[in-house]
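Residue strings, one per chain:
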Amino acid sequence: MALLNYPSLYWLFLKNRIKILMEYRMNFLIGATSTIMIQGAGLLTVWVIMSQIPDLNGWTLPQVLLIYGLITLSKSINHMFADNLWTLGRDYVRTGAFDRFMVRPVDPLFHLLADRFCHDGIGNFLVGGVLVAIAAARLGIVWTPGVIVYFAVMVLSGGVIFIALNLMTCVSAFWIMDSVPVTRVVFEMHEFAKYPLSIYPRAIGLLLTWAIPFGFASYFPATRLMGLETPLWQAYGAPLVAAVLLAVALAVWRFGLRHYGSTGT
Amino acid sequence: MIEAVNLTKVYHIPDKDPGVRGAVKALFRPRHTSKTAVKDVSFAIEPGEIVGYIGVNGAGKSTTIKMLTGILVPTGGQVRVLGRDPHRERVANARDIGVVFGQRSQLWWDLALRESLTMVGRIYEVDDARFQRLISEFSETLELKELLPIPIRNMSLGQKMRAELAATLIHEPRIVYLDEPTIGLDLLVKERIRAFIKRINQEKGTTVVLTTHDLGDIEELCRRVLIIDNGVLIYDGSLETIKQRFGKYREITFETAADLNGLDVPTGADVLEKGGRTLSLRFDRTQTSASRVSASIMSQIEVIDLSLKEPDLSMVVKQIYQGGLKETA
Amino acid sequence: MISTLKRDLRAYGAIVATVPKMFMAYSIWVWMSWFVQIIAVVILVAFWRAVFSNTATVGGLDLDTTINYLLLGMIFRAGQNTDVLYEIGEMMRDGRIGITLLRPLDMQATYYVINLANMGLNTLLSIPIALFAWLAYGLSLPNDPLVWLAFLVALLLGNAVMFCFDWIIGCVGFYSTEIWGLSVLRYGFGLFFSGALIPLDMMPDWLRTIASVLPFSQALYLPVSILAGINPVSAMPRIWLIQLGYLVVFLVASRLVFGRALRVVTVQGG
């Protein structure tokens, strides 16, 4: 299919997906709110604790919330648009549904992603958005066009970092079918990025910068937005990191597809 | 149109002991067993043919179909579909083919058929005018009209298969691969599906490759049959030839009063099945007769009931699977 | 009497025996959950060390007690998370409940036994986490057997309360179509109000009141606070009494709701 037609095809998939979701309105609401609940438990903890202490090793509550909000927003992009990567093994490879993608004249990865927009991510998106808005107001961040663009680019890059890591790990489904544990192990590292990296041992900071770079999805852009002194490569590195990671992930995906072509299931 | 030359597929299945230890061991010292699923299969299918591709489960049918459709890369040999390598030129090939995978639907469970078809149409970039024309055509040939507003989840098996066929043909492919298109359907619906397949073959010249367990499908649709067994193509020829070659055989089944022990099989006949008190024999009509065979059995044991069967395709295929073709060919 | 009891025990035993088998079938999942929990431990310790960086106590607790309590909470959290909600909800919905009812055992008792086996197994599975916490952060366990006994009683009582609670929610789930969302909701509430994320002592009064009224803390905060030395053994009898009270109420309620839901299932035919 011509590259030009992909956006409109995605739009068609999305429209029909929403139509289905609206049919199960109750599920839709519960799904979206349940993620808010889970986030709520963690956030309530942070709030309860931080209202009793002067600071978190030098960080104020709004500062922590900004970091937390940024990672939640990035995660929500992955959650909404690429959640199907989790189910590649269970719902597509194991059942043989992936064969269907292979006999259609569209890119199989596109088909996989377009197949299921995940509404649960909307809850995360809202939580992240509200957190960032509150934190920004408390920190006195002025939303100039420059800041807005910076913010949007960082969140999108963060989303791509999430998607690329999930893509890389979900490819294991072509070998072991049950790819969820592999994906989960890498995905789980984002939990670190909910708090300032400076509270962790140095090794973890390095890990989240150079190996599983969730630091670029929250901590680094957040310090820059707060007006703290941030090295340039940290403040602006996210798009580059995201691009490199995505390129690697796509190569891994193609490798996985080749394997699928030689073994089937 | 479709050309397979010495098509071979070998799977490497990792040997894995169960549990964590097995997984770890497999990681460091992987061992593989090679299994040849398809071996040196060659055939050519001409435009407009309907070819039946039959074999028991695990004989290599679906592996072959997967190589023809571009899902799998052959280990050896060559496939050309419309002059293309179906895996390397996967997208171009996909535009020209349609595939029905047995009971796995390609439609969206919760969407009304009309919407599902629209999505499939868009995936294949069918323009609006053509899409409308085909929908109205299918409305007649597949009686699709009343199905259009129904979600797939609310359809019966037969309705699902009609919907599936419409989705498979919405881009007017030149070749369709049908994997068990009538499985689980009642006779009336089967008839309808077969009539439809015949019709698109005759009207549009669509080439059809059909895998099935239902010999009714074969007898009604195919003039040519490919039979695969253990990965090897054991027969490629007309349906008529098989029938003739096996036409001289009859199957006779006895139900006896006592358990069967140490029975002498009459000359010219051999045992097909031997149960507690039932015995099925196959005999060559040119060498012996039904009366001679039954007399021989009746002289040895009391027979309560007996039945004689004309050769139909199911019997023929059963015999071929059991190595009958090799013996007689 | 004795022989029926024996037979029943054997039947329950057979059911229990399937639980570890299921776990082994998903061994890669076990490795994953260890890894995920170790990450959680590292984050937990780093976060709380940062919390205490400029203060000696929060809510009357010092750093070591807090971390010890939270780590123990992680290790023994299985008592609070029963899977029965999801299980029973799904069974009600797809009609499998009919088959289960045919077994000559009380269904709720059967599931309670499975729940116990699950709790035991999950606790065993958290031994590596305990080991890690001990090696990396000096997790300390009490050596007074009386404390362990008090803890065990409180854990079992609390688990029984949560079992009945989840049973009720699972039956309610039958009326809604989305069990999964409901169980996530329940999980989210449980996470916070059980005291798994912060000890109840650190909550402001109004939150603390809610947390002590809701049943979630029964199977986590109450037992674990004994083990961590937040509550003394002398406070135990009072705590047990409260737990017993909860148990009676929830047990009766769960039987009632279950009976009602069953009538609906059998009338509708699943």
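Thresholds applied
- Residues numbered from 1 in each chain as written.
- Chains lettered and ligands numbered in written order.
- Predicted model: local features only at pLDDT ≥ 70, side-chain atom pairs only at ≥ 80, totals over all residues.
- Heavy atoms only, no water.
- Buried < 20%, exposed > 50% of the residue type's maximum accessible area, 1.4 Å probe, protein only.
- Helix = DSSP H or I, 4+ residues; strand = E, 2+ residues; numbered from the N terminus.
- Contact = heavy atoms within 4.5 Å.
- Buried area = accessible area lost by both parts, 1.4 Å probe.
- Salt bridge = Lys/Arg side-chain N within 4 Å of Asp/Glu carboxyl O.
- Polar contact = N/O pair within 3.5 Å; in protein donor to acceptor, adjacent residues only side chain to side chain.
- Phe/Tyr/Trp six-rings, centres within 6.5 Å; stacked < 30°, edge-to-face > 60°.

Q: Explanation requested: helix α4 (residues 84–93) of chain A in the structure shown.
A: Each α-helix turn comprises 3.6 residues. Residues three or four places apart therefore point the same way. Counting buried residues along α4(A), eight of its ten residues qualify, which places the element largely inside the surrounding structure. Within α4(A), burial applies to A:Asn84, A:Leu85, A:Trp86, A:Thr87, A:Leu88, A:Gly89, A:Tyr92 and A:Val93.

Q: Please clarify how the interface of chain B and chain A should be interpreted in this entry.
A: A common way to express how large an interface is: the accessible area buried when the components associate. Counting residues at the interface gives 30 residues for chain B, matched by 33 residues for chain A. Buried area between chain B and chain A, both sides added, is near 2800 Å², and the carbon and sulfur share of it is 55%. A salt bridge links B:Glu115 to A:Lys19; the shortest N-O distance between them is 2.8 Å. Applying the counting criterion to the chain B and chain A interface returns 17 residue pairs in polar contact (both at pLDDT 80 or more). Listing elements by their share of the side of chain B that touches chain A, those giving two or more residues are β1 (2–14), α2 (61–69), α3 (90–96), β5 (97–101) and α4 (113–123) of chain B. A per-element tally of the side of chain B that touches chain A places α4(B) first, with six residues.

Q: What's the story with the packing of aromatic side chains in this structure? I'm lost.
A: To describe a pair of aromatic rings, one takes the distance between the centres and the angle between the planes. Overall, the coordinates contain 44 aromatic pairs over all chains when judged by the stated rule. On the basis of an interplanar angle of 55° and a centroid distance of 5.5 Å, the ring pair of A:Phe174 and A:Trp253 is categorised as tilted. Of the two residues, A:Phe174 sits in helix α9 (residues 173–176) while A:Trp253 sits in helix α14 (residues 238–263), which places them 79 residues apart along the sequence. Residue class for A:Trp253 comes out buried when judged on its relative accessible area of 3%. Measuring from ring centre to ring centre gives 6.4 Å for C:Trp48 and C:Phe52, while their planes differ by 40°; the resulting arrangement is tilted. Of the two residues, C:Trp48 and C:Phe52, both sit in the buried class. Three or more aromatic residues joined by ring pairs make a cluster, and in this case those are A:Trp59, A:Trp210, A:Phe216, A:Tyr219, A:Phe220 and A:Trp233.

None of this, on its own, says anything about what the molecule does.
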